[in-house]
Amino acid sequence: MIDGKSLALKLREGIAQEVSLLEKTTGIKPGLAAVLVGDDPASAVYVRNKKIACEKAGLYPEEHLLPASTTQDTLLALIAQLNADPKIHGILVQLPLPAHIESKAILQAVSPEKDADGFHPVNVGRLVEGDPVFVPCTPKGVIHMIDSTGLDISGKQAVVIGRSNIVGKPVAMLLLHRHATVTICHSRTKDLPSVVREADIVIAAIGKPFFVKADMVKERAVVIDVGINRLDNGKLAGDVDFDRVKERAGWLTPVPGGVGPMTIAMLLQNTLESAKRFAEQ
Ligand code: NAD
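Because the structure is predicted, anything quoted here is derived from the model rather than measured.

**Quick notes on the sheet that holds strand β4 (residues 157–161)**
Strand order in this open sheet of 5 strands is β5-β4-β6-β7-β10, and the pairing throughout is parallel. The outermost strands of the open sheet, each flanked by one partner alone, are β5 (181–185) and β10 (251–252). Pairing of β4 with β5, which is carried by 5 bridges, proceeds in the parallel orientation. Bridging across to β5, Ile161 finds its partner in Cys185. Against the sheet, helix α7 (residues 168–177) engages β4, β5 and β6 (201–204), with an angle of about 170° to β4.

Encoded structure:
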């Protein structure tokens, strides 16, 4: 099992030391502003967890909790204010936004130099070119987890299931830059199990509980489960049939306690790296 919780804890300890050193040497404390619009309970939990993680690592957290009725113009004005605020080095806008707000316009309004989630088109382009500045947090965490197994990604067959802009596409790009042979599967892939069966590395980012079955997984494959699904019994489950796949896979991530904690650690790291770049200027 790849223990995301303990990997993330180790990362956060390192980040805390670097934050303290940066503050001592430059007077700059990395600041992260989280913007949440509406009252989606899952989003509220994510934002609260990110704030707590910031505080523990010594970063400066700023929370902007806005009502669901907030207009796009009000949100854009807040983003402009955060872009100009020298205390803030990372801005994250919690998705999904209410339907009356155009997410694309909001994500594009975040300064590419403070885009802690790496969703701005400028940062997407930098990532595709192989010269990233902000790497999206979940994909960055996924690569760190694969590296923690000691597997050399170069030359391996990697299959990413899911093609979202947030997870599937950027994780595929990162694997490609590490010289894997990458296949992206999605809802229209023909005979998906036979494609996945060829993979040394499987990334499941679908949002469907227990989608990846044991007979789809090559023996000893590294399987990273990004999915977070709430079951009818209230429990969380990933996209992988954990209990059966663990008998075949070489390495597997649990849900909860896998990719989730790594995403938060990477958000802190992105904000720290951004603050360092500001310090250098
Ligand atoms: P999304 O809904 O944007 O994308 C899902 C993808 O799955 C789509 O590209 C779609 O083509 C593919 N898909 C859907 N049904 C399929 C099928 N039957 N066969 C093959 N492919 C299929 O989701 P997302 O934002 O990429 O998130 C995916 C999952 O990861 C969700 O459960 C989400 O909650 C979770 N997630 C977790 C973290 C974390 O920190 N652990 C971060 C982001 C997302």
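**Examining the domain arrangement of the chain**
According to the domain assignment, the chain consists of domain 1 (27–111) and domain 2 (137–260). In this structure, domain 1 and domain 2 have C-alpha centres spaced 28 Å apart.

**Here's the deal with the nonpolar core**
Counting residues in hydrophobic clusters, the biggest one holds 48 residues, and the most contacted among them are Val142, Ile146, Leu175, Ile203 and Ile224. Of the residues forming this core, the biggest block, 9 residues, is contributed by helix α10 (residues 259–280). Of the domains in this structure, domain 1 (27–111) and domain 2 (137–260) are the two that each give at least three residues to this core. Setting aside residues no more than four positions away along its own chain, Ile224 makes contact with Ile2, Val142, Met145, Ile146, Val202, Ile203, Ala204, Thr253 and Val259. If you look at the next biggest cluster of nonpolar residues, it comprises 18 residues, including Val196, Val202, Ala204 and Val240.

**Here's the deal with the sheet that holds strand β1 (residues 31–37)**
Within a sheet, each strand pairs with its neighbour through backbone hydrogen bonds, oriented either parallel or antiparallel. The strand order β2-β1-β3 describes an open sheet built from 3 strands, whose pairing is parallel. Whereas interior strands pair on both sides, the edge strands pair on one side only; in this sheet they are β2 (60–66) and β3 (90–93). Across this sheet, the average inter-strand angle for adjacent strands is 15°, counted without regard to direction. Pairing between β1 and β2: 7 bridges, direction parallel. Within β2, the residue paired with Gly31 across the bridge is Tyr60.

**Digging into empty space enclosed by the protein**
Tallied over the entire structure, the rule returns 2 cavities of 30 Å³ or more. A volume near 50 Å³ is recorded for the largest cavity. Forming the walls of the largest cavity are Ile91, Leu92, Val93, Leu107, Val110, Asp115, Asp117, Phe119 and His120. Sort the elements by how many residues they give to the lining of the largest cavity and β3 lands first, with 3 residues. Class assignment of the residues belonging to the lining of the largest cavity gives a composition of 6 nonpolar, 1 polar and 2 charged. Approximately 40 Å³ is the volume attributed to the second largest cavity. Along its surface, the second largest cavity is lined by Leu32, Ala34, Val47, Lys50, Lys51, Cys54, Pro61, Glu62 and Glu63. Class assignment of the residues belonging to the lining of the second largest cavity gives a composition of 5 nonpolar, no polar and 4 charged.

**Remarks on the site of the ligand**
As a structural note, the neighbourhood of the ligand is formed by 20 residues, with Arg163, Ser164, Lys208, Ile228 and Thr263 the closest of them. Contact between the ligand and Arg163: an oxygen atom at 2.7 Å from a main-chain N or O atom of the residue. The contact in question runs from an oxygen atom of the ligand to an N or O atom on the side chain of Ser164, over 2.5 Å. Computed on the free molecule, the ligand has an accessible area of 850 Å², of which 72% lies beneath the protein chains in the complex. According to the grid-proximity analysis, the pocket containing the ligand is the largest pocket. In terms of residue count, α10 provides more of the shell around the ligand than any other element does, 3 residues in total. By residue class, the composition of the shell around the ligand is 8 nonpolar, 10 polar and 2 charged.

**Examining the pairing of strand β7 (residues 222–225)**
The alternating pattern of β7 places Val222 and Ile224 and Val223 and Asp225 on opposite faces, both of which are buried. Two strands pair when backbone bridges link them, and β6 and β7 are joined in this way by 4 bridges, in the parallel orientation. Along β7, the bridge assignment pairs Val202 with Val223. The sheet contact formed by β7 and β10 spans 2 bridges and is parallel. The residue of β10 that forms the bridge with Val222 is Trp251.

Quick notes on the rules
Residues numbered from 1 in each chain as written. Predicted model: local features only at pLDDT ≥ 70, side-chain atom pairs only at ≥ 80, totals over all residues. Heavy atoms only, no water. Pairing = 2+ DSSP bridges. Helix = DSSP H or I, 4+ residues; strand = E, 2+ residues; numbered from the N terminus. Contact = heavy atoms within 4.5 Å. Axes fitted to C-alpha atoms, helices over the stretch in contact; angles between N-to-C directions. Domains from an automatic or database assignment. Core = buried A, V, L, I, M, F, W, Y, C linked by side-chain atoms within 4.5 Å. Buried < 20%, exposed > 50% of the residue type's maximum accessible area, 1.4 Å probe, protein only. 1 Å grid on protein atoms, 1.4 Å probe; cavity = no way out; pocket = protein on both sides within 12 Å on 5 of 7 lines; lining within 4 Å. Points joined across faces, edges and corners; volume = space filled by probe spheres on them. Nonpolar A, V, L, I, M, F, W, Y, C, P; charged D, E, K, R; others polar. Near = heavy atom within 4 Å. Polar contact = N/O pair within 3.5 Å; in protein donor to acceptor, adjacent residues only side chain to side chain. Areas by Shrake-Rupley, 256 points an atom, 1.4 Å probe, with all protein chains shown as cover. Sits in = over half its atoms within 2 Å of the grid points.

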